[in-house]
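# An overview of the molecular structure
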Amino acid sequence: MTDKTTAAAAPKKLSLKAKYAQLTRGLGWETTYQPPDKVFPQTHFEGIKIHDWEKWEDPFRLTMDAYWKYQAEKEKKLYAIIDAFQQNNGHLNVSDGRYVNTVKLFLTGISPEEYSAHRMFAMLGRNFAGVGPQIAAQMQSIDELRHAQTQIHTISQYNKYFNGMHDFRHMHDRVWYLSVPKSYFEDAMTAGPFEGIVAISFSFEYVLTNLIFMPFMSAAAYNGDMATVTFGFSAQSDESRHMTLGIECIKFLLEQDPGNVPIIQRWIDKWFWRGYRLLTLVSMMMDFMVPKKVMSWKEAWDMYFVQNGGALFRDLERYGLRMPKYWEQTVVAADRLSCEAWNTFYNYAAAANFNPWCPTAEDMDWMSQKYPGTFDKYYRPRFEHYRELEKQGKRFYNTTLPMLCQTCQIPLVFSEPDDPTQTCYRESDYNGMKYHFCSDGCKDIFDHEPEKYVQAWLPVHQIYQGNCFKPGTDPTAKDFNPLAAVLEYYNFGPGDNMDYAGSPDETNWLKWKGLAKSGPLKMAS
Amino acid sequence: MAVNALQPGYTGEVKDRVELFHGNHLIYIGWDQHMMICAPVALPLPPTMPFGALISDVLPTTAFAAHPDWPRIDWSQVEWLRSGKPFKPDPGKSLADNGLGHKSALRLRTPGLDGIGATGS
């Protein structure tokens, strides 16, 4: 083909469809040096059957034309706002110094996963055999990289003034609770391409993503964090495009072959559960971490999953899909999840890169109102006990390492579905070794592919094996302090961990705002 | 099929093999109805340690000792579960001889002690 013939054949103004066809022309060539199976070796082993890749409707094709222009405009606006935020000391406008801990959680727990998603979609772009999914995955890969970058740039302003954010990338690969989001994405990335896209584009982006972006961005708006609101808006229009990809891909796979249905249902069961476990962090952010609360975790779960998710799965029934397994357990646990999560960070305040606190009387009243059936009955007495100990100067810290779930890597902090007062234990035997889980959902995932999860890098076990100390550390030395050595390996500095009360962040915040010290550790003087 | 992998016969490296724990076995211990201690604890212990020493020497050094119910425990009344099933440990015998091998889960129940404000906390 020559330029001359193309120019002659094409009309002056192309339709969107024609433009897309031009963009992707010749990408789906017939391979001659190697058979297609060797060029795309990953498209068969998962058991998914594709009869006609041409049936994939690339959801990007309609917006492709505006994409570049629109993205460039968004970038320009975002960086103009970040500049203004920096020049006006925007970090001083947040509701309270405690709020910044939410930003720390976002930067260490979510932004690195935007980068993981960027990597995963680049791999999908290579591994899918059809042009539609290749293009869609590559475009999303670019989006995810942009999200990681804009978040890092925006949050860098907070990093100049607050602790806990300076080594977010280093911490992501080491800190115990960050192994939860890390292992989630690595599980998706090391699956086949079809499971990967069902995991992230459908189960996460389509079904659950509202439960990350809505709470963080609304909380940011309520708490005066205009920087986070800005990158949130910048990412939002991409997210809706990604959600379209999620629903398109699931319909495509279901329509291609009836044999695909049970495989996809199992992936949805798995990735719904893994995503739900990941959202544990969001539940405590909503109910405990934001000083000015937006809505409770239970309200959000009811609206975004039970109602919206329920409607989605009713729509998908005609393809033979049903609601994800164990979804009923998530509804039962909605009254408990955030309390179980925040208690964990209160226990292990020494080992997280943010500054937790015991809920104030006002915080607890809000919880009583939002959780009338459970908060006063099960959790208020515990938090009041903590407050009393703090007043006596005997703040409770858990100094013993916890038992972790082999699948989600969260400590076994969740209660039995039928008993909020009892830890849930599940166990499997595989090749002569015992494996432990926090829930039926996590046990099922392991039991289906034990050979994958025996490889889990569980932070607690790695510490006991001696793999979480800096080179040159001598664990046999007389004055060896394992906790101190692990925190050094995490690159934690003074103020990164431990309570908000008395932290350098609190001290600075009060100084900058000209406020007097208050809070549970207030001295009588 | 133990894993859905590109390579037929693929196996993964078992990350928590007993030989990587410097002669110890990893033992998990949880205290039922005491969820203030947010999760069961994980402890690397010599398999030759007598079960009695676990009670007298090890548990008092863990987070359990920070619970207000801790000093009230009557150890002659404690009920034990191994892998979720009731069992009667012999305090004079080793952990291994009590059937507590690498990555075993042990639970204790303290009837009458139901956590802070009897809330299971």
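The rules behind the values
Residues numbered from 1 in each chain as written. Chains lettered and ligands numbered in written order. Predicted model: local features only at pLDDT ≥ 70, side-chain atom pairs only at ≥ 80, totals over all residues. Heavy atoms only, no water. Phe/Tyr/Trp six-rings, centres within 6.5 Å; stacked < 30°, edge-to-face > 60°. Helix = DSSP H or I, 4+ residues; strand = E, 2+ residues; numbered from the N terminus. Buried < 20%, exposed > 50% of the residue type's maximum accessible area, 1.4 Å probe, protein only. Lys NZ or Arg CZ within 6 Å of the ring centre and 35° of its normal. Salt bridge = Lys/Arg side-chain N within 4 Å of Asp/Glu carboxyl O. Expected span 1.5 Å × (residues − 1). UniProt positions renumbered as here; feature names shortened; annotations may be inferred. Contact = heavy atoms within 4.5 Å. Buried area = accessible area lost by both parts, 1.4 Å probe. Polar contact = N/O pair within 3.5 Å; in protein donor to acceptor, adjacent residues only side chain to side chain. Axes fitted to C-alpha atoms, helices over the stretch in contact; angles between N-to-C directions. Parallel < 35°, antiparallel > 145°, perpendicular 65-115°, else oblique. Left-handed = near helix turned anticlockwise from the far one by under 90°. Nonpolar A, V, L, I, M, F, W, Y, C, P; charged D, E, K, R; others polar. Core = buried A, V, L, I, M, F, W, Y, C linked by side-chain atoms within 4.5 Å. Domains from an automatic or database assignment. Pairing = 2+ DSSP bridges.

For the rest of this paragraph, the subject is the packing of aromatic side chains. Summed over all chains, the structure comprises 55 aromatic pairs over all chains. Consider the rings of Y435(A) and F446(A), whose centres lie 4.8 Å apart with planes at 35°: the pair is tilted. Of this pair, Y435(A) sits in strand β4 (residues 433-437) while F446(A) sits in helix α20 (residues 440-448), placing them 11 residues apart in sequence. Assigned by exposure class, Y435(A) and F446(A) land together as buried. Note on W31(B) and W70(B): the rings are 6.1 Å apart at their centroids and 75° apart in plane angle, and the pair reads as edge-to-face. Of this pair, W31(B) sits in strand β1 (residues 25-31) while W70(B) sits in the loop between α1 (51-58) and β3 (79-82), and the two are 39 residues apart along the sequence. For W31(B), a relative accessible area of 5% corresponds to the buried category. The class for W70(B) is buried, based on a relative accessible area of 14%. Seen from the ring of Y397(A), R395(A) lies directly overhead, with NZ or CZ sitting 4.1 Å from the centre.

Residues and elements named next belong to chain A. Applying the stated criterion across every chain yields a total of 36 salt bridges over all chains. Put simply, R395 and D499 hold a salt bridge, and the shortest N to O gap is 2.7 Å. Separated by 104 residues along the polypeptide, R395 in the loop between α19 (375-391) and β1 (415-416) and D499 in the loop between α23 (482-489) and α24 (504-513) bring together distant segments of the chain. Given a relative accessible area of 13%, R395 falls into the buried group.

Attention now goes to helix α6 (residues 111-127) of chain A. Residues and elements named next belong to chain A. Given a rise of 1.5 Å per residue, 17 residues ought to cover 24 Å, and the 25 Å separating the end C-alpha atoms of α6 matches this to within 8%. Within α6, 12 of the 17 residues are buried, which leaves the element mostly enclosed by the surrounding structure. For α6, every residue scored as buried is listed here: S111, P112, E113, E114, S116, A117, H118, M120, F121, L124, G125 and N127.

In this numbering, the UniProt entry assigns the feature "domain: YHS" (unreviewed entry) to residues 415-457 of chain A. Secondary structure across residues 415-457 of chain A comprises 30% helix and 40% strand; the distance between its end C-alpha atoms is 24 Å.

With 47 residues of chain B at the interface, the matching set in chain A holds 56 residues. For the chain B and chain A pair, buried surface summed over both sides reaches about 4200 Å², with 57% attributable to carbon and sulfur atoms. It is M35(B), C38(B) and K103(B) that lose the most area in chain B upon contact with chain A, and together they represent 16% of the buried surface on that side. Our enumeration of links across chain B and chain A arrives at zero salt bridges. The tally of links from chain B across to chain A stands at 26 residue pairs in polar contact (both at pLDDT 80 or more). Contributions of two or more residues to the side of chain B that touches chain A are made by β1, β2 (41-45) and β5 (104-109) of chain B. Tallying contributions element by element places β2(B) first for the side of chain B that touches chain A, with four residues.

This part is about the packing of helix α7 (residues 131-159) of chain A against helix α12 (residues 226-256) of chain A. Residue and element names in this part refer to chain A. Relative to each other, α7 and α12 sit at 165°, their axes nearing to 10 Å. In terms of axis orientation, α7 runs roughly antiparallel to α12. The way α7 lies across α12 gives a crossing that is left-handed. Contact with α7, carried on its side by A136, Q140, D143, E144, R146, H147, T150, Q151, T154, I155 and Y158, involves A227, T228, F231, S234, A235, D238, E239, R241, H242 and L245 of α12 and no other residues of that element. Residues that form the contact of α7 with α12 fall into these classes: seven nonpolar, eight polar and six charged.

Let's shift gears to the nonpolar core. Of all hydrophobic cores here, the largest spans 199 residues; its most connected members are Y177(A), W297(A), W301(A), I29(B) and L54(B). The leading source of residues in this core is α12(A), at 11 residues. Formed jointly, this core draws a minimum of three residues from each of two domains, domain 1 (64-350) and domain 2 (406-457) of chain A.

What follows covers the pairing of β5(B). Residues and elements named next belong to chain B. The buried fraction of β5 amounts to five of the six residues, a majority that puts the element mostly inside the structure. Two strands pair when backbone bridges link them, and β1 and β5 are joined in this way by five bridges, in the parallel orientation. Residue pairing across strands places I29 opposite L106, the latter belonging to β5. Relative to β5, β3 is paired through four bridges, and the arrangement is antiparallel. Opposite W80, over in β5, you have L108 as the bridge partner.

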